[in-house]
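# Understanding the architecture of this molecule
Here's the letter readout for the chains.
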Amino acid sequence: MASPGQVSEHEAQGEVERVLHEMRQTLRVTGLDVTVRTWAGFERFLVAMWEAMGPNTETRAFESAADEVRARAVEAAERLGRLGAWEAAMLGESQRYHVRGALELYHYLNPKMLVFTSAVKLALQDERVGTLQPLGSAERVARGAPARMMAMETVEERPDDARLRGLFEDIEETVGPPALPGEFRGLALWPGYLEAAWERLKPRMRTEEWARACDALLETSRRLARQLPYEVALSKERLEVLREDAELIQRVTVQSEWRLPVLVLGMATLVGDVSDLERRLPFPGEARLVPDFVVGEELR
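Residues numbered from 1 in each chain as written. Predicted model: local features only at pLDDT ≥ 70, side-chain atom pairs only at ≥ 80, totals over all residues. Heavy atoms only, no water.

### Looking at the overall build of the protein
Secondary structure summary: the protein contains 13 helices and zero strands in total. Secondary structure of the protein in N-to-C order comes out as α-α-α-α-α-α-α-α-α-α-α-α-α. Scaling as 2.2 N^0.38, a compact globule of 300 residues should have a C-alpha radius of gyration of about 19 Å, and the protein matches this with 18 Å. In terms of principal-axis extent, the alpha carbons of the protein reach across some 50 × 45 × 35 Å. For the protein, the proportion of contacts with a sequence separation of at least 24, taken over those separated by at least 6, is 87%. Working note: accessible area of the protein is about 13500 Å², and carbon and sulfur atoms make up 47% of it. Distance from the positive charge centre (39 side chains) to the negative charge centre (50 side chains) of the protein: 3 Å. (Helix = DSSP H or I, 4+ residues; strand = E, 2+ residues; numbered from the N terminus. Rg over C-alpha atoms; globule rule 2.2 N^0.38 Å. Contact = heavy atoms within 4.5 Å. Areas by Shrake-Rupley, 256 points an atom, 1.4 Å probe, with all protein chains shown as cover. Lys, Arg positive; Asp, Glu negative; His and termini not counted. Charge placed at Lys NZ, Arg CZ, Asp CG, Glu CD.)

### Thoughts on the side chain of Arg37
Turning to its location among the elements, Arg37 is positioned in helix 2 (residues 34-39). Here Arg37 is in contact with Gly5, Gln6, Val7, Ser8, Leu32 and Arg185, once residues within four sequence places are set aside.

### Here we look at the nonpolar core
In this structure, Trp39, Phe45, Leu103, Phe116 and Tyr193 are the most contacted members of the largest nonpolar core, which totals 99 residues. Broken down by element, this core gets its largest block of residues, 16 residues, from helix 6 (residues 93-124). Discounting residues that sit within four places of it in the chain, Leu103 has contacts with Leu187, Tyr193, Met267, Leu270, Val271, Val274 and Leu277. (Core = buried A, V, L, I, M, F, W, Y, C linked by side-chain atoms within 4.5 Å. Buried < 20%, exposed > 50% of the residue type's maximum accessible area, 1.4 Å probe, protein only.)

### So, the environment of Trp210
Along the polypeptide, Trp210 turns up in helix 10 (residues 208-226). On a C-alpha basis, the gap between Trp210 and Ala77 in space is 8.8 Å, while along the polypeptide they are 133 residues apart. The residues touching Trp210, leaving out its near neighbours within four places in the chain, are Leu80, Leu201, Arg204, Met205, Val262, Leu265, Gly266 and Thr269.

### Quick word on the side chain of Lys112
Within the element layout of this structure, Lys112 appears in helix 6. Classification of Lys112 by relative accessible area gives buried; the value is 0%. Lys112 has contacts with Leu27, Arg28, Phe62, Glu63 and Ala66, leaving out every residue within four places of it along the chain.

### Side note on the packing of aromatic side chains
The description of an aromatic ring pair rests on the distance of the ring centres and on the angle between the ring planes. Tallying each qualifying case throughout the model produces six aromatic pairs. Note on Trp50 and Phe116: the rings are 6.4 Å apart at their centroids and 15° apart in plane angle, and the pair reads as stacked. With a gap of 66 residues between them, Trp50 in helix 3 (residues 43-57) and Phe116 in helix 6 connect regions that are remote in the sequence. Per residue, the accessibility class of Trp50 equals that of Phe116, and both read buried. For the ring pair Tyr108 and Phe283, a centre distance of 5.5 Å and an interplane angle of 85° mean the geometry is edge-to-face. Of the two residues, Tyr108 is situated in helix 6 and Phe283 in the loop between helix 12 (246-271) and helix 13 (292-298); the sequence distance between them amounts to 175 residues. For the pair shown, Tyr108 and Phe283 are each scored as buried. (Phe/Tyr/Trp six-rings, centres within 6.5 Å; stacked < 30°, edge-to-face > 60°.)

### Here we look at helix 10
Between its terminal C-alpha atoms helix 10 stretches 27 Å, which fits the 27 Å expected from 19 residues at 1.5 Å a residue. Where the residues of helix 10 are buried, they touch helix 4 (60-80), helix 6, helix 9 (191-205) and helix 12. (Expected span 1.5 Å × (residues − 1).)

Now the structure itself:
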């Protein structure tokens, strides 16, 4: 079976560009992860998936679900103990400022993507996801990335530097498909820090305690996905009607959901190294109750 490609946010056009823009605004982030960029290679699926998931992702319930996943990851990371990568890396004051910003961004994004992906995966397996509340009845959270959130920047997935390429290959092999996670490409802007972090993080990922913590995060994510306020209108049948590669889409979705707890816990572990970072609520969402027609205009 062919490996799926990715659609860069900068290369997206037409409906894909529209959906990716709406996703950034609704998820309140400055960039999107590998899972979304891979889904974007299937335009009809991406549009249908976003129509089904979009109403949930702007709600307080979704924000709170991600917050709960993040809090549980922080608790698990604290039990495992500090990593020590922050002290080991030789970083200047400006570099530390920017690394902190990158850590905050992914520490906020990854739990959201875990709940999101769990909801999509369960729906594609014909499980009921979400409740039957009337659309628009749940409390909304204000759109747009917070002003202090760092821009999402990354190095090339296949960099010229041979040492960095080798590091990327090791990371991808360890965390699994569908592709190299974006947070490691982002942290590679500071190779010394990434090396120090991965040197300590990789052995921890192989422990039984780590595996148990990831299993618990996955169970939490699925429970919270099932409790989202609005029913998610996706199914195997819907996927086949879209005339996309249903088998490949399901494989990517299953792979992404399986490894996202690893990435959530990994980021919580790195954040736990830095004393002045908010670990549970890095970017609290402000409530916003506005009419549907206003919401529609804002997303255009």
